[in-house]
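Report on the structure
Now for the letters of each chain:
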Amino acid sequence: MGFLNGDKEDKKKKNLIPIVYAEDCSRKAHCPVVDICPVGAITQKPGEPPEVDGTLCNRCGDCLTACENYVFDFQEISLDLGDLEL
Ligand code: SF4
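Now for a description of the structure that goes with this document.

Cut-offs used in this document
Residues numbered from 1 in each chain as written. Predicted model: local features only at pLDDT ≥ 70, side-chain atom pairs only at ≥ 80, totals over all residues. Helix = DSSP H or I, 4+ residues; strand = E, 2+ residues; numbered from the N terminus. Buried ≥ 20, exposed ≤ 12 C-beta atoms within 10 Å, placed from the backbone. Contact = placed C-beta atoms within 7 Å.

Remarks on the overall build of the chain
- In terms of helices and strands, the chain carries two helices and four strands.
- Written out in order from the N terminus, the α and β elements of the chain read α-β-β-β-α-β.
- Across the 86 residues that make up the chain, the buried fraction comes to 19%.
- Of the contacts made within the chain by residues no fewer than 6 positions apart, 61% connect residues no fewer than 24 positions apart.

Given below as structure tokens:
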């Protein structure tokens, strides 16, 4: 079960983008978290930290706790239009 579930949380999910703290990654030959993602959003090139495709990610949060170095996270985005008139 992901950490953000239920209709009430759907709005929150839309404001989250998945990020990877690459500097904290131990760069294993095969990142085990790649196999945990239920939608195949995590990929890894040899010797590189994993990457998350934000267009595939469903914000389930499974990767956040699966990594021993906690390199996966979400960043909340907001758009403040200020006084902009449309
Ligand atoms: S939050 Fe879920 S869907 Fe998104 S990258 Fe992590 S495991 Fe995959």
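Overview of the environment of P32
- As for its placement among the helices and strands, P32 is situated in the loop between β1 (16–20) and β2 (42–43).
- The exposure class assigned to P32 is exposed, which follows from the 11 C-beta atoms found within 10 Å.
- C-alpha separation for the pair P32 and E68, spaced 36 residues apart in sequence, amounts to 9.9 Å.

Topic: the environment of T43
- Tracing the backbone through its elements, the reader meets T43 in strand β2.
- When the C-alpha atoms of T43 and V33 are compared, they prove to be 9.2 Å apart, with ten residues separating the residues in sequence.
- Every residue in contact with T43, bar those within four places of it in the chain, is listed here: V34, P50 and E51.

Concerning unusual backbone geometry
- Unlike most non-glycine residues, R59 shows phi in positive territory, near 65 degrees.
- When you line up the elements, R59 lands in the loop between β3 (51–52) and α2 (62–66).
- Of the residues examined, R59 has 21 C-beta atoms within 10 Å and is grouped as buried.
- Of note, the phi angle at Y70 is positive, near 55 degrees, even though the residue is not glycine.
- When you line up the elements, Y70 lands in the loop between α2 and β4 (72–76).

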